[in-house]
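Breakdown of the fold
Take a look at the letters that make up each chain.
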Amino acid sequence: HAFIPQFVHISASINNDNAAILMGSIITWQMLRLFHRTDKASASHGGFALLGFLMGIGVLSKVSLLVMLLPVLWTVVYTARQLSRIGVMLKNAILNTGLVLAPMFSLTGWWMWRNLQLYSDPIGWNIWMITNADFARSLPITWQYVFYFWWRQFRSFWALFGWGRIYFPTWIYLCLRSEEHTSE
């Protein structure tokens, strides 16, 4: 990451992206720990509570980490499937889901309630869309738009500073793209 100018730029500014990257990494690490446990039964309940706590901190750092809830719940299901009897498996999955969701919503519930009261939306998405209307797609999805979107994402990955208003000359992006092809 140290050689990707956009990452360095984002990391050097004051924002919550670094906290979100850290929490996403720790959540992933905890999920992997739960996958590799040899004792899949009750001894892992504390690990799921920790996972819920980490999810709560992560969502407070950046709401986009809510997407991690899908792999977290998949981890719950996967580890429950390791048990032999269906009744024990179902009980374990329900318990571990509660152990994930309880600390997560204990940490984020107040914030979601506040957003619901202020913006009629628990994560404040509608107010974000109003505030950042220039990011909303205004064109129909065509092949031309797909290429435009891909090109914008490619430039954004490498270097598109100042909310996308300061960028490198096109020839630099083309050199970076050709370098990507040669390194594959």
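For the structure, see preceding data.
Here is what the cut-offs are and how they apply
- Residues numbered from 1 in each chain as written.
- Predicted model: local features only at pLDDT ≥ 70, side-chain atom pairs only at ≥ 80, totals over all residues.
- Heavy atoms only, no water.
- Salt bridge = Lys/Arg side-chain N within 4 Å of Asp/Glu carboxyl O.
- Helix = DSSP H or I, 4+ residues; strand = E, 2+ residues; numbered from the N terminus.
- Buried < 20%, exposed > 50% of the residue type's maximum accessible area, 1.4 Å probe, protein only.
- Phe/Tyr/Trp six-rings, centres within 6.5 Å; stacked < 30°, edge-to-face > 60°.
- Lys NZ or Arg CZ within 6 Å of the ring centre and 35° of its normal.
- Axes fitted to C-alpha atoms, helices over the stretch in contact; angles between N-to-C directions.
- Parallel < 35°, antiparallel > 145°, perpendicular 65-115°, else oblique.
- Left-handed = near helix turned anticlockwise from the far one by under 90°.
- Contact = heavy atoms within 4.5 Å.
- Nonpolar A, V, L, I, M, F, W, Y, C, P; charged D, E, K, R; others polar.
- Patch = residues over 30% accessible without salt bridge, like charges linked within 9 Å, V, L, I, M, F, W, Y side chains within 5 Å.
- Areas by Shrake-Rupley, 256 points an atom, 1.4 Å probe, with all protein chains shown as cover.

**A word on the pattern of salt bridges**
Taken as a whole and judged by the stated rule, the model has one salt bridge. Where Lys62 meets Asp17, a salt bridge forms, and the shortest distance between an N and an O atom there is 2.3 Å. Highlighted residues: Lys62 in the loop between helix H3 (45-61) and helix H4 (69-81) and Asp17 in helix H2 (residues 17-35), separated in sequence by 45 residues. Of the residues examined, Lys62 reaches a relative accessible area of 28% and is grouped as partly exposed.

**A few points about the environment of Asn18**
In this structure, Asn18 sits in helix H2. On a C-alpha basis, the gap between Asn18 and Lys62 in space is 9.7 Å, while along the polypeptide they are 44 residues apart.

**A few points about unusual backbone geometry**
Positive phi values are uncommon outside glycine, yet Ser120 reaches one of about 60°. Here Ser120 lies in the loop between helix H5 (86-119) and helix H6 (125-131). Ser120 sits in the exposed class, given a relative accessible area of 61%.

**Remarks on the packing of aromatic side chains**
Applying the stated criterion across every chain, the model contains 13 aromatic pairs. Taken together, a centroid distance of 6.0 Å and an interplanar angle of 40° make the contact between Tyr145 and Tyr148 tilted. Note that Tyr145 and Tyr148 are positioned in helix H7 (residues 143-158) at a spacing of three residues, about one turn of the helix. Assessed through its relative accessible area of 14%, Tyr145 is described here as buried. Residue Tyr148 is classed as partly exposed on the basis of its relative accessible area of 45%. Here Trp151 and Tyr173 contribute two aromatic rings whose centre-to-centre distance is 6.0 Å and whose plane-to-plane angle is 75°, an arrangement assigned as edge-to-face. Note that Trp151 is positioned in helix H7 and Tyr173 in helix H9 (residues 170-183), a separation of 22 residues in sequence. Judged on exposure class, the residue Trp151 and its partner Tyr173 are both buried. A cation over an aromatic ring shows up here: Arg155 above the ring of Tyr167, its NZ or CZ 4.8 Å from the ring centre. Positioned above the aromatic ring of Tyr173 is the side chain of Arg155, whose terminal nitrogen or guanidinium carbon lies 5.7 Å from the ring centre.

**Notes on the packing of H4 against H5**
One can describe the packing of H4 onto H5 by two numbers: an axis separation of 8 Å at closest approach and a directional angle of 150°. Comparing their axes, H5 and H4 come out roughly antiparallel. H4 and H5 meet at a crossing whose hand is right-handed. Here Leu69, Val72, Leu73, Val76, Ala80 and Arg81 of H4 come into contact with H5, specifically with Met89, Asn92, Ala93, Asn96, Thr97, Val100, Leu101 and Met104. For the contact of H4 with H5, the residue count by class is 10 nonpolar, three polar and one charged.

**Examining a nonpolar patch on the surface**
On the surface, a cluster of nonpolar side chains totalling about 490 Å² of accessible area is made up of Ile123, Trp125, Ile127, Trp128 and Ile130. Tracing the backbone through its elements, the reader meets Ile123 in the loop between H5 and H6. Residue classification places Ile123 among the partly exposed residues on the basis of a relative accessible area of 31%.

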